[in-house]
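# Fold and contact review
What follows is each chain in one-letter form.
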Amino acid sequence: MILLAALFLILVVVRGVKIVPQSEKFVVERFGRLHAVLGPGINFIVPFLDRVAHRISILERQLPTHSQDAITSDNVLVQVDTSVFYRIIEPEKTVYRIRDIDAAIETTVAGIVRAEIGKMELDHVQSNRSALIDTIKHSVEDAVDNWGIEVTRAEILDVNLDQATREAMLQQLNAERERRAQVTKAEGAKRAVELNADAELYAAEQTAKARRIQADAEAYATAVVAQAISDHGIEAAQYQVALKQVEAMAGLGASAGNQTVVIPAQALEAFGDAFKLLKGRA
């Protein structure tokens, strides 16, 4: 009797004490109905009346990559690869409200992805992928709220196109590149014309400035000669004229390839006048 009592006591302890790991939760039933959910640590139940019906892992799970077809608002067929991460936070709902949670989530995600992509054009699907992922995540969370799970992350891994659409997009891309190249070339030609016009304008300004300086110099020289004539009379003017004649004859004789110098009849008189004026100056 003592041995039987000891064995019964050991059986009661084994059936009544439950140690739940940190990564799990136990769903306890009493007479076939939900009685309690045991959390991590040591828990006590009524032996022979309560039983652990389900051991549920609360670790984060990743669904296998799932591909589904969708049609964008501009009638382009795309194949979208998605992956969903979730974890169970209320095991009693997951156990008693849904039979196959993974298949249910995959079906829900496929429907939401098709609906959301159907609202967008292909270019927006490619460029606004992060916003699309957030929208899908929130929609999935609302849909699976009664199943006792939390969607931690939803990812769009890839958006694939059929071969005909890829070729059409490639042609469009090449046409866009050619258009940009032509625009760049036209802008370069326009810039070159503008620079040439600026250079010509600058050259004209510099030429006008040089002419103005030369005119000022000639005016100053004329003023000096006029002052000399005013101070010294007609002899100063005659001196200047004779000096110019002498310089002209000297330049004619110094020119390259001239072995013969033709001297006008008045040249000797010009030399004589110049020497007389120079002598008079002295």
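Attention here is on the structure that accompanies the text. (Residues numbered from 1 in each chain as written. Predicted model: local features only at pLDDT ≥ 70, side-chain atom pairs only at ≥ 80, totals over all residues. Heavy atoms only, no water.)

## Description of the overall build of the chain
Our working rule: Runs of E in the DSSP output that reach at least two residues are strands. Runs of H or I that reach at least four are helices, and both are numbered from the N terminus. Each residue is placed in one exposure class: buried if its accessible area under a 1.4 Å probe, protein chains only, is under 20% of its type's maximum, exposed if it is over 50%, and partly exposed if it falls in between. Note on areas: Shrake-Rupley, 1.4 Å probe, and residue coverage restricted to the protein chains presented here.
When helices and strands are counted, the chain shows 8 helices and 9 strands. In the chain, which comprises 282 residues, the share counted as buried stands at 24%. Working note: accessible area of the chain is about 19,300 Å², and carbon and sulfur atoms make up 57% of it.

## Comments concerning the nonpolar core
Worth spelling out the cut-off: Buried residues of nine kinds, namely Ala, Val, Leu, Ile, Met, Phe, Trp, Tyr and Cys, make up a nonpolar core once their side-chain atoms join them within 4.5 Å. Note on definitions: a residue-residue contact is assigned when non-hydrogen atoms from the two residues lie within 4.5 Å.
Counting residues in each nonpolar core, the largest one holds 32 residues, and the members touching the most others are Val78, Ile105 and Ile117. Elements that contribute at least two residues to this core include exactly strand E8 (77-88), helix H3 (101-117), helix H4 (122-127), helix H5 (129-143) and strand E9 (149-161). At 7 residues, H3 tops the list of elements feeding residues into this core. Those residues within four positions of Ile105 in sequence are excluded, and the remaining contacts are Leu63, Val84, Tyr86, Trp147 and Ile149. In this structure, Phe26, Leu38, Ile45 and Val52 belong to the second largest nonpolar core, which totals 6 residues.

## With respect to the environment of Glu116
Summarising the element assignment, Glu116 is placed in helix H3. Those residues in contact with Glu116 that lie beyond four places of it in its chain are Leu132, Thr135, Ile136 and Ser139.

## Description of a nonpolar patch on the surface
Inclusion rule: Here a patch means residues that are over 30% exposed by relative accessible area and free of salt bridges, tied together within 9 Å if like-charged and within 5 Å if nonpolar (Val, Leu, Ile, Met, Phe, Trp, Tyr). Salt bridges are identified by distance alone: a Lys or Arg side-chain nitrogen within 4 Å of an Asp or Glu carboxyl oxygen.
Taken together, Met1, Leu3, Leu4, Leu7, Ile10 and Val14 make up a surface patch of nonpolar side chains, about 710 Å² in accessible area. Tracing the backbone shows Val14 in helix H1 (residues 2-16).

## Let's talk about the sheet that holds strand E2 (residues 24-30)
Just so we agree on the cut-off: DSSP bridges decide pairing: two strands pair if at least two such bridges lie between them. Axes here refer to lines fitted to C-alpha atoms; in helices the fit is confined to the stretch in contact. Angles between the N-to-C directions go from 0 to 180 degrees.
One open sheet accounts for 3 strands, arranged E3-E2-E5; its pairing is antiparallel. Each edge of the sheet is formed by a strand with only one pairing partner; in this case those strands are strand E3 (33-38) and strand E5 (50-57). Averaged over all pairs of adjacent strands, the angle between strand axes in this sheet comes to 30°, irrespective of strand direction. In this structure, E2 lies alongside E5, joined through 7 bridges in antiparallel fashion. Note that in E5 the partner of Arg30 across the bridge is Asp50.

## Looking at the packing of H3 against H5
For the record, the criterion: Put simply, angles under 35 degrees are roughly parallel, angles over 145 are roughly antiparallel, angles from 65 to 115 are roughly perpendicular, and the rest are oblique. Working rule for handedness: look at the near helix, and if it is turned counterclockwise from the far one by less than a right angle, call the crossing left-handed; if clockwise, right-handed. Under the grouping applied here, Gly and all other residues not named as nonpolar or charged are polar, the nonpolar ones being Ala, Val, Leu, Ile, Met, Phe, Trp, Tyr, Cys and Pro and the charged ones Asp, Glu, Lys and Arg.
It is at 10 Å that the axes of H3 and H5 come closest, and there the two elements cross at 135°. The orientation of H3 relative to H5 falls into the category oblique. Relative to H5, H3 is oriented so that their crossing is right-handed. Between H3 and H5, the residues in contact are Thr108, Val109, Ile112, Val113, Glu116 and Ile117 and Leu132, Thr135, Ile136, Ser139, Val140 and Ala143, respectively. Of the residues that constitute the contact of H3 with H5, the class distribution is 8 nonpolar, 3 polar and 1 charged.

Just distances and angles here, no functional claims.
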